[in-house]
Amino acid sequence: MPGGAIRESGPRGLLLQAQGYRVRQDLPRFYNSPTTFLTDIGTVGTMSRVSIPKFLFFIAVSCTSQAFAHSWGPAARATGAPGDDSKACTSCHTGTLNSGSGSVKIILQSGAVYIPGVRQRVTVQVSDPAKQRWGFEMAARLNSKPETAQAGEFTPVDSQTQVICEDNGPRPCTTGVTFIQHTTAGTRNGTQGGVSFQFDWTPPATNAGPVTLYVAGNAANGDNNLTNDNIYTSSVQLNPVTPVAPVVPTGGVMSAATLVPGSVPPNSWVTVYGSNLGATTRSWNETDFANGALPMSLDGVSVVLTVFGAPRLAYVGYVSPTQVNFLLPVDALQGNIQVQVRNSAGISAPIQIGTTANSPQLLTLDGKYALGVHADGSLLGKTGLVAGAASAPAQPGETLTFYCTGCGATTPATISGLVPTKSSVNTLPVVTVGGAAATVTSASTITGSPGLYQVNVQVPAATANGDQPVVIRLGTTNSVSTLITVQR
Ligand code: HEC
């Protein structure tokens, strides 16, 4: 299936999938940085939620009373949505809406869309340079009746948010609309500049037309009072997109590194080309990982592998209508695997591929030139190889870092389904440059980059100028040949 029109092709797609990768001076990580990633998954929660009888106080208390604490969560209908108090939080907090120098933002994984019934992660970001305590409340309403028609359902994913009913009590709600809002822990008193809240929203199970999320955020000064806080509002309309049953043609499943159909090794990235695969287009991102576990579906798209009659799910790194990238698990059994793409409208007919150990492939920049970096982290390649990025050819004798997928077992073992840390391979691969054996100094998995390995290789001193083939091998299986440009 390679060739044809430009697509989000395998190697490129894989790089695009490397979230935040812009041909930078560091590794092609799947996350902006491991630190960001760890911070993010650190917030996804195992903390048990403490239930507080929070709204009892409100029943008889007027807004102007400051005798009762409120930082544990606002009253219902304070989002500024139609049907809610139009002053939002400023019905109690002093000041004018949206007059500070901060903002509240709604961040969605796949843009302003929803797939009926498919849960999605929502991030609310409240920021203000001068503030240090944070709160929010969000509503989801059908555009057809925004004052009273609840759209879908909110679900907290950690201890920083909670859901309340229209009557200010906890779920189940007897009637009316619902709200998600901060908890006391979520206000993170003392955190300067801003915070994010994350939670899930499950849209209506069937197409209910456009839906709008409304949010009000409080950038507060942390004085447990109603003065000198800045209140912001924002909203976003989400339009429904409806999946269609996926179709994968024969030959549509191949190594993501080479785009050549054939056997693929465990712990390698595999690409599926077809039609109607996903209803959205995106790579995985930090919000798809819970406690370091790789996602088994993105926007409702999963990949079902069947080995010896036993089905299991692969890890999905990229979805679009025409392409899905998945990671074959480290512990995938060897033999013939049936691959099927599933979404909420159906499942594709099985396509059989072979799995064999010891068939690593090098990642390329363009399907031809190997993706590599020099010892100083700068990009390998003849000048102009990647538009807008500086690159330099290889010098004989220098040590380069290449990236491969499916490069074998490691010690400590890489654990299926978890974000890896750096771990050396048990057997160093053999690498040839220009047909001559090169010294491989080390090879390991990469912290934070599932399915990718880095291999450090010394270019043989006698390598001639010009484009030279680079091949990697474990055991007896050669990778597809890639190129590097050598210039002494
Ligand atoms: C019904 C009145 C009322 C409404 C409406 C209201 N608040 Fe408050 N809020 C209070 C009171 C009273 C306090 C002070 C007591 C406290 O901090 O516990 C407070 C304090 C806070 C604090 C801590 C402030 C600080 O500086 O320490 C945050 C954060 C907060 N509210 C968020 C919100 C958000 C977000 C909204 C709108 C979605 C909102 N509140 C709407 C009454 C209200």
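Residues numbered from 1 in each chain as written. Predicted model: local features only at pLDDT ≥ 70, side-chain atom pairs only at ≥ 80, totals over all residues.

## Concerning the overall build of the protein chain
1) Next: For the protein chain, the count of helices and strands is two helices and 33 strands.
2) Next: Per-residue burial for the protein chain yields a buried fraction of 43% across its 488 residues.
3) Next: Taking the intrachain contacts of the protein chain between residues at least 6 apart in sequence as the baseline, contacts between residues at least 24 apart amount to 68%. (Helix = DSSP H or I, 4+ residues; strand = E, 2+ residues; numbered from the N terminus. Buried ≥ 20, exposed ≤ 12 C-beta atoms within 10 Å, placed from the backbone. Contact = placed C-beta atoms within 7 Å.)

## Topic: unusual backbone geometry
1) Next: A cis amide bond, omega 0°, links R171 with the succeeding residue P172.
2) Next: With an omega of -10°, the peptide bond between T411 and P412 qualifies as cis.
3) Next: Its place among the elements puts P412 in the loop between β26 (410–411) and β27 (424–425).
4) Next: Not every positive phi belongs to a glycine, and N98 is a case in point at roughly 55°.
5) Next: For N98, the location among the structural elements is in the loop between α2 (34–43) and β1 (103–108).
6) Next: Within the chain, N291 stands out as a residue other than glycine whose phi angle is a positive 55°.
7) Next: Here N291 lies in the loop between β13 (282–283) and β14 (302–307).
8) Next: With 11 C-beta atoms counted inside 10 Å, the residue N291 sits in the exposed group.

## A few points about the confidence of the model for the protein chain
1) Next: Of the residues in the protein chain, 86% reach a pLDDT of 70 or more, and the chain-wide mean stands at 85.
2) Next: Low pLDDT, under 50, characterises residues 1–69; the stretch is placed with 108 contacts to residues that sit more than four places away or in other chains. (pLDDT = per-residue confidence, 0-100.)

## So, the sheet that holds strand β4 (residues 133–142)
1) Next: What the six strands build is an open sheet, ordered β2-β10-β9-β4-β7-β6; its pairing is mixed. The open sheet has two edge strands, β2 (113–114) and β6 (161–165), and neither has a second partner.
2) Next: Here strand β9 (residues 211–220) runs beside strand β10 (residues 230–240); their pairing, made up of nine bridges, is antiparallel. From the neighbouring strand, A216 faces β10, where its bridge partner is T233. (Pairing = 2+ DSSP bridges.)

## Regarding the nonpolar core
1) Next: With 64 residues, the main nonpolar core has V316, V324, C404, Y453 and V455 as its most contacted residues.
2) Next: A domain-level breakdown of this core finds at least three residues from each of domain 1 (10–28 + 243–355) and domain 3 (361–486).
3) Next: Not counting residues up to four positions away in its chain, the partners in contact with V316 are P295, M296, S297, L298, V301, S302, V303, V324 and F326.
4) Next: Counting 40 residues, the second-largest nonpolar core is a separate cluster that includes A76, I115, A151 and V195. (Core = buried A, V, L, I, M, F, W, Y, C linked by C-beta atoms within 7 Å. Domains from an automatic or database assignment.)

## A word on the pairing of β14
1) Next: In the sheet, β14 pairs with strand β18 (residues 335–343) via six bridges, with the strands oriented antiparallel. When the sheet's bridge partners are listed, V307 is paired in β18 with I337.
2) Next: Pairing of β14 with strand β15 (residues 310–313), which is carried by four bridges, proceeds in the antiparallel orientation. Along β15, the bridge assignment pairs L305 with R312.
3) Next: The antiparallel pairing of β14 with β15 creates a hairpin that spans two residues between the two strands, and F308 there sits at a positive phi of about 50°.

## Examining the environment of A314
1) Next: In this fold, A314 is placed in the loop between β15 and β16 (315–319).
2) Next: Overall, A314 belongs to the buried group, with 25 C-beta atoms counted inside 10 Å.
3) Next: Along the sequence, A314 and N325 sit eleven residues apart, while their C-alpha atoms lie 9.8 Å from each other.
4) Next: Leave out the neighbours within four places in its chain, and A314 touches V303, L305, F326, L327, L328 and P329.

## Comments concerning the sheet that holds β13
The pairing of strands in a sheet comes from backbone hydrogen bonds and takes either a parallel or an antiparallel form.
1) Next: Read from one edge to the other, the open sheet built from five strands follows the order β11-β12-β17-β16-β13, with strand pairing classed as antiparallel. One side of each edge strand has no neighbouring strand; the edge strands of this open sheet are β11 (253–255) and β13.
2) Next: In this structure, β11 lies alongside strand β12 (residues 269–273), joined through three bridges in antiparallel fashion. In the strand pairing of β12, V253 is matched with V272.

## So, the environment of R188
1) Next: Here R188 is to be found in the loop between β7 (178–182) and β8 (194–202).
2) Next: It is 9.3 Å that separates the C-alpha atoms of R188 and G222, two residues lying 34 residues apart in sequence.

## Details of the environment of V126
1) Next: Here V126 is to be found in strand β3 (residues 120–127).
2) Next: Residue classification places V126 among the buried residues on the basis of 29 C-beta atoms within 10 Å.
3) Next: C-alpha separation for the pair V126 and I231, spaced 105 residues apart in sequence, amounts to 9.6 Å.
4) Next: Beyond its immediate sequence surroundings of up to four residues, V126 is in contact with V104, W134, F136, G194, V195, G217 and A219.

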